[in-house]
Structures are given as structure tokens and as C-alpha cells.
Protein chains: 2
Amino acid sequence: MVLLMVLLMVHIMVGSPEKMIENMADNEFSIIEQYFSSIGWQSSNAVVLGPGDDCAILSVPLGYELCVSTDTFLSGIHFPDDCSGTIVAQRAFAASLSDLAAMGASTHSFTCALTMPSVDHEWLRDFSSRLSELSVEFKMPLVGGNMTRGPLSLTCTVIGIAPAGQCIRRGGAQAGDNVYVSGSPGDAGAGLALLIDSRPGFDLLRSAYESPRPRIEMGERLIGLASAAIDISDGLLADLGHLLEASQLSAELALDKLPLSKSILRYASHQDAIALALTAGDDYELCFTAPDTYKHELSEHAKDLGLALTCIGIVVEGEGISMKGGGLSDLELSNLELDDRGYQHF
Amino acid sequence: MVLLMVLLMVHIMVGSPEKMIENMADNEFSIIEQYFSSIGWQSSNAVVLGPGDDCAILSVPLGYELCVSTDTFLSGIHFPDDCSGTIVAQRAFAASLSDLAAMGASTHSFTCALTMPSVDHEWLRDFSSRLSELSVEFKMPLVGGNMTRGPLSLTCTVIGIAPAGQCIRRGGAQAGDNVYVSGSPGDAGAGLALLIDSRPGFDLLRSAYESPRPRIEMGERLIGLASAAIDISDGLLADLGHLLEASQLSAELALDKLPLSKSILRYASHQDAIALALTAGDDYELCFTAPDTYKHELSEHAKDLGLALTCIGIVVEGEGISMKGGGLSDLELSNLELDDRGYQHF
């Protein structure tokens, strides 16, 4: 009877035997309308029908397969509690699209379910306007989602497309392939540490954490060249480990080839910079393997996109990852001994 | 430096200059492996590559469009805090697929992101085993997701397929169309009230809430017959209101035609039963409009599927919904006056 009482409490008294009931947009719908309508639509012809019906209707070009991935971003776990809507949008968008990039997929569309403790218009404005800019830039329309009252979190499901049979998987590495990494891993980890310490300066590191770039364009160019790929969300060693496990192979990494940025070397000691580059997550760079014959072609793509691609090792028979070099002594290396499980989700 | 300290704390000391680092499945991965691997796969040929890579790879049959919808289910809001994993699986699955049914779409695949305060193996076992049964029954493989520590909630993104250009939308109703509803709305609302009151008996009502059936088969048969459709998640009046708003039309409902179940009439007064049928959510029945010429065909489909389909009114020009009948006096009707905003998501 509790429910009936609640129902009766919201009834409005009108004395007519024929009841005229007007539709009233409820809060969820009005917030979605205000902040999340038509995000990224103008950039795409994939949307047959956008949000507002029971489902969005999407078209898929002939001869393409879908790549689909879902990620949750929880305040206090995946980003600091006081993160602005802008930064949350940037990080969630990059993290989500990064999974598409790792498959070589092109962007298609995404959904976003948002949970908030209360309606924070400033946060929503920042979040939605940055999400909108990124959606247009990456041709990735927002086609659905919902809003619920609860702890601040969002769950994004991204859909990408790739020519059928062409997606790059984790399990395709071959012994003898080179191991590549894009960008300068570790920068985002240093950026997060700066943020936590409220330490000023080091804008490039901070921006690596706050505004990572999903490597969609590079991913698209890796189709037909990379034998296996993964994005670095949990740390280079952890993610390369997943790739090698799927390929049932091992790798030898040359630590002195790690592309450490000038910024990270100003921020941390050489040893700490290597630790960050190997274990810190949040970079959303690509780690992939490719036969040596594609070396030149890859370097041309890197130049063309203005994105560093560095060969940091080689795939070999065996299990796990072995590392050497980096100019470190045995003692330093032993202090560097790493647990490569990366970020613990649970 | 905080991050570096954390990183260094998890390092394991090994004295070798070449570090062998074994991949260790972290908790998230082992939970997913234990409970969520291959759910529903055997039932589908849509999955080219399942979970375990950066994305799942899915194939879409030629000439079909995608229908996509995302829903969040939060403990204490969308289901009682002490709900078993079985019931949460049933309700979330039905609520999610119901959106596909409302478009006339067939099932394709889904992702599920789960947030839990701690690893509750009993709950996970119940949840995943029921989800698995339903996935097989409805040919709806689970192709991705993730697990995060946080308040109990899940966000499901469902993908359906329908012949291109054939999806049933909310906005297609025509004046003169009949208004239909499947099943006996209100039963789930009564079931929820029973659950909250810890009142025994009324198994059919309880089951309507705990184990709603997504009307996928009926939805598929409505393609080409229904002019507009929606599923009843927020209440018949609220959801029919959305359909009419999208169609820019009104409807006249005959309350004495409402298909009230025997159970709900034993549970509640006639007036309360009507209130529940009109305003309680959680039924996941279909409400749709169709030209009178399809009356016989619809009735054959209903008989074939063993699902009641009832014509409860007619679409007319105008706005809102008018109601009459139900054997209620003016005073009773005025007490019944309803706010049709349905469930308030925010």
C-alpha cells in the first residue's frame, strides 16, 4: 500500500470525469534536453534516429564490423572527487575512445550514463560542452544515455567500425616483431601525482593526465601493419603483459629506449621517470607490435600525425617481460622491480 | 610523489638485472573470468570476438540497422537494497531488452558495467547465472563490460537489429489508430508494494515485478503493423504520454477496458487497481498504436504468443490523454486524478 499512498500523494485534484493529463517533462528529460541533446550529431551520418525514443537507430556501412567497449568512471576512483566537468569529460572520452584506437577502429557513436548526487549545473555545463566539442572533433555522436541520482560516475559505451576481418587484436604478435609505444608514457601518471600534491607548474604533465588524446588516427593507420595492439590504461608493463599473454609470447624491453619526456625528467629522477613510464596508467597511448619490415611506413605515419612512435623492444618466445638497460645499476633495477598488475580495479 | 611512493610500495624485490615479470590476473579480470565469460555466446553468431580484448568485435547482418539503448539500475532507487542477484539480473535484463522490443528490434548483444561495494560471491553467482540463462534464451550475448568498486549499480547497453527503415518509433501514431497494451499493467507495481510491505502471497504480482518478460517476440511482430510503440517502464500514462507527445496527438482511454489481472483485483480495490495500471512503472509491457485494419492480425499474434493484447483506447487530434469509464464515480475519478510524469529519475 506504500506505493498506492505515494501515487495518491502526487495526484492533482481536478473535478472533471474526463481527465486531461498534460505531459510534463520530468527532471531527467529536461536535464538531458538542456545539456545532452544532439551532441556530435552534425559530425556524423551514422545516426538515423538520435536520443529521445526507446533506442537510437544507427546505420553501419557495408562491409564493416562493430567494435564495442564499455567503461565506468567513478569519482574518487577513476578521477579525483573535485575534478571539473571539463576534465572528467576529457578523460572519460579519451579512455573510452582509446579502446577503439587499440583495435584500429574508426569512431561511430557512443552512449553515456551519468549518475550525480544532485543537479550541479556548473559541472553539467562544463562536462557537456567539452563532451560536445570532442564529439564533433572525433565524429562521435552521443546517441543515448540516462541520468540517475547517485554517486558521481559515468559509464560510456563506445561503438567503432572497422573493415570486416581487419581489427587489430591483442593476440596477433609474432616472435621477432618490434614493440612500439606512442607518445611518452608516464607523463599522465606524473600529472596525476602533481594534481594530488597540488604542485604548480609542469603544464605538459598535468595536461597529459587532464586531457589525454585518444590515438584514433594512429590506430586507423595501424590496420594492416600492427600484428597486435592495446592501449595503455593500466600501465605500459601491465598492458603489454596482456598483449603478450594473449599472443602467448614474451618481450625484451630496452629501458634506455623508453621515450621519457623532457618534462618527466625535470619532474622526477631518471629511475622514478622509468617507473612511471612502465607502471603508471592513464596515458591512453598505444602499445603495439609490428614486423620490422613496416618500420619505415610506421615512421612516416608518425611524422605525418606529429605523434612520437618509439620501438622499445622485441617480441620473443616465452612468457612475461624481461627488461634491461636504462643506465640503471643492479641495485636501482632491483628497486625498480615491478608488479605489473597495473591499476587494481577491485 | 604520492604516486611514486605507492608504485614503489607494490614493487617486489628481485635481484636480477633482467626482470621477469609475470602477468597476474587482477581481481577485476578474475571476477569477470569466473562469472561473466562467454555469457550467451553459444546462442549467437553476432560475436566475432568476445570480451577480453580492448573491444568486442560484432558483425551486423546486411540490410539491418542497429538499435542502441543504455540504462542504469541503482540499488535503493531502481531495486530494493536487499534484492538478490537473480532478481536484479531479471529486472535489468527485461528493462534493457524492453527498449529493443519497443522498436520492433531483434536482440543482438549487450554490455554490462557492474559496480559493487565489495566482492559478494553469492550475489555474483546468482546474478551471473540468471543473466547467463536469459542471454541464451533471448539470444543476447554479453560482449563487454567492467567491474568497479562502488555503490551497487549496473549500466547495461543493449544492441538490437531491425531491417533498415523498419524500426517502430514513438512519433508515428495517426489519429484513428487504436491504442493497445500488452499483458496486465499494474501487476509489477503491486508486486513492488508487496515486496516493500513484506506481505506474503500474490505470487503472480510478485513475479510480475521480480521477473518481468521483455516483449521481444511481440515487438518483432509489430513491425509493419504498429504505427508507434513504447515500453511501459515509468507507467502506462506517462509512457503513452511520451508516445503521443512525439506523435503530436492525443488519446481517449476507456478505463473499463484496462486489462486488470485477477490477482491485482484480489490485491487492491478496483480504484487502486486502476491507479496502479495507469501509473505504476516496472511492467515492461508494450504500449502501441495501430490502424484498426490490423486488429485481426494483431489478435492472431497475441494468441500465437500467448500474450494478452488489449485495445484500451483510440488516438485523436489534440494534446494529452483523456480518460473515462472504469465504473468510477466522479468523486472516485477525481481522486484518481493522476500526475503522469511517472517515475522521477532525478
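Conventions adopted
Residue positions within a chain follow its written sequence, with the count starting from 1. All chains are assigned letters beginning at A, and all ligands numbers beginning at 1, according to the order in which they are written. In keeping with the predicted nature of the model, local features appear solely for residues at pLDDT of at least 70, side-chain atom pairs appear and are counted solely at 80 or more, and the whole-chain, interface and lining totals rest on all residues. Side-chain measures here rest on the full set of heavy atoms in the structure, leaving out hydrogens and waters. The definitions used throughout rest on a 1 Å grid laid over the protein atoms alone, on which a cavity is an enclosed set of points accommodating a 1.4 Å probe that cannot get out and a pocket is an open set flanked by protein within 12 Å on both sides along at least five of seven lines; lining residues are those having an atom within 4 Å of a point. Grid points are joined across faces, edges and corners, and a volume is the space filled by probe spheres set on the points. Here a strand is any run of E in DSSP of at least two residues, a helix any run of H or I of at least four, and the numbering for each starts at the N terminus. Throughout, the ten residues Ala, Val, Leu, Ile, Met, Phe, Trp, Tyr, Cys and Pro are labelled nonpolar, Asp, Glu, Lys and Arg are labelled charged, and all others, Gly among them, are labelled polar. Each axis is a line fitted through C-alpha atoms, and for a helix only the stretch in contact is used; angles between axes span 0 to 180 degrees, taken between their N-to-C directions. For classification, angles of less than 35 degrees are called roughly parallel, those exceeding 145 degrees roughly antiparallel, those between 65 and 115 degrees roughly perpendicular, and all remaining angles oblique. Contact criterion: two residues are considered in contact whenever any of their non-hydrogen atoms come within 4.5 Å of each other. Note on aromatic contacts: the rings of Phe and Tyr and the six-membered ring of Trp form a pair at centre separations within 6.5 Å, being stacked when their planes are under 30 degrees apart, edge-to-face when over 60 apart, and tilted otherwise. Any residue under 20% of the maximum accessible area for its type is buried, any over 50% is exposed, and the rest in between are partly exposed; the area is computed with a 1.4 Å probe on protein chains only. We count a charge as sitting over a ring when the NZ of a lysine or the CZ of an arginine lies within 6 Å of the ring centre and within 35 degrees of the ring normal. Working definition of a nonpolar core: buried Ala, Val, Leu, Ile, Met, Phe, Trp, Tyr and Cys residues. They are joined through side-chain atoms within 4.5 Å. What makes two strands pair is DSSP finding at least two bridges between them.

K.L.:
Help me understand empty space enclosed by the protein, please; the structure alone is not making it clear to me.
P.N.:
Where empty space is left can be seen by rolling a probe of water-molecule size over the atoms. Summed over all chains, the structure comprises 5 cavities of 30 Å³ or more. As for the largest cavity, its lining consists of A:Thr72, A:Ala113, A:Thr115, A:Ser153, A:Thr155, B:Thr72, B:Ala113, B:Thr115, B:Ser153 and B:Thr155. Where the lining of the largest cavity is concerned, the elements lending two or more residues are strand S4 (106-116) and strand S6 (153-163) of chain A together with strand S4 (106-116) and strand S6 (153-163) of chain B. Taken together, the residues of the lining of the largest cavity break down into 2 nonpolar, 8 polar and no charged.

K.L.:
So what exactly am I meant to see when it comes to the packing of helix H5 (residues 187-196) of chain A against helix H6 (residues 203-210) of chain A here?
P.N.:
Helix-helix packing is described using two parameters, namely the angle between the two axes and the distance between the axes. Residues and elements named next belong to chain A. The contact between H5 and H6 brings their axes to 7 Å, and the two run at 100 degrees. Classified by the angle their axes make, H5 and H6 are roughly perpendicular. In contact with Asp187, Ala188, Ala190, Gly191, Leu192, Leu194 and Leu195 of H5, H6 contributes Leu205, Arg206, Ala208, Tyr209 and Glu210. Here the contact of H5 with H6 is composed, by residue class, of 8 nonpolar, 1 polar and 3 charged.

K.L.:
How do you make sense of the packing of aromatic side chains when you look at a structure like this?
P.N.:
Remark: the centre distance and the inter-plane angle together describe each pair of aromatic rings, the angle taken between the planes. In this structure the tally under the stated criterion is 14 aromatic pairs over all chains. Relative to B:Phe138, the ring of B:Phe93 has its centre 5.7 Å away and its plane inclined at 55 degrees; by these criteria the two rings are tilted. Note that B:Phe93 is positioned in helix H3 (residues 85-103) and B:Phe138 in the loop between helix H4 (121-137) and strand S5 (142-149), a separation of 45 residues in sequence. As far as burial versus exposure is concerned, B:Phe93 and B:Phe138 are alike and both buried. Of the aromatic side chains, those joined through ring pairs into one cluster are A:Tyr35, A:Phe36, A:Trp123 and A:Phe127. The cationic tip of A:Arg91 hangs over the ring face of A:Tyr209; the distance from NZ or CZ to the ring centre is 4.0 Å.

K.L.:
Please clarify how the nonpolar core should be interpreted in this entry.
P.N.:
Inside soluble globular proteins, nonpolar side chains tend to come together where they are buried. The biggest cluster of nonpolar side chains holds 63 residues, and the ones touching the most others in it are A:Phe36, A:Leu114, A:Leu124, A:Phe127, A:Leu154 and A:Phe288. At 11 residues, the largest contribution of residues to this core is made by helix H3 (residues 85-103) of chain A. Once residues within four sequence positions are removed from consideration, A:Phe288 is found in contact with A:Asn178, A:Val179, A:Tyr180, A:Leu222, A:Ala226, A:Ala228, A:Ala229, A:Leu243, A:Leu298 and A:Leu309. Core analysis: the next-biggest nonpolar cluster, separate from the first, contains 62 residues, B:Tyr35, B:Phe127, B:Met218 and B:Ala226 among them.

K.L.:
Can you help me understand the sheet that holds strand S11 (residues 309-316) of chain B in this one?
P.N.:
In a beta sheet, neighbouring strands pair by backbone hydrogen bonds and run either parallel or antiparallel. Residues and elements named next belong to chain B. Pairing is mixed across the open sheet formed by 6 strands, whose spatial order is S8-S10-S7-S11-S9-S12. Each of the sheet's edge strands pairs with one partner strand only, and the pair in question is strand S8 (228-231) and strand S12 (321-324). Within the sheet, the average angular offset between the axes of one strand and its neighbour, ignoring direction, is 25 degrees. The pairing of strand S7 (residues 178-182) with S11 spans 5 bridges and is antiparallel. Counterpart to Val181 in the pairing with S11 is Thr310. Sheet strands touched by H3: S8 and strand S10 (286-290). Its angle to S8, the strand with the most contacts, is close to 175 degrees.

K.L.:
Can you walk me through the sheet that holds S5(B) in this structure?
P.N.:
Spatial strand order, S1(A)-S2(A)-S3(B)-S6(B)-S4(B)-S5(B): 6 strands in an open sheet with mixed pairing. Each end of this open sheet is capped by a strand with a single partner; those strands are strand S1 (47-49) of chain A together with S5 of chain B. Averaged over all pairs of adjacent strands, the angle between strand axes in this sheet comes to 25 degrees, irrespective of strand direction. With 3 bridges connecting them, strand S2 (residues 56-58) of chain A and strand S3 (residues 64-74) of chain B associate as antiparallel partners. Counted as the bridge partner of A:Ala56 is B:Val68 from S3(B). Packed onto the sheet, H4(B) meets S4, S5 and S6 of chain B and runs at close to 175 degrees relative to S4(B).

K.L.:
Is there a simple way to explain the pairing of S7(B) in this structure?
P.N.:
Each regular strand displays side chains that alternate between the two surfaces of the sheet. Residues and elements named next belong to chain B. Of all 5 residues that make up S7, 5 are buried, and the element is covered over most of its length. Neither face of S7 is exposed, since Asn178, Tyr180 and Ser182 on one face and Val179 and Val181 on the opposite face are all buried. By the bridge criterion, 4 bridges tie S7 to S10 in an arrangement that is antiparallel. Among the inter-strand pairings, Val179 is bridged to a residue of S10, identified as Thr289.

Any link to function would need more than the numbers given here.
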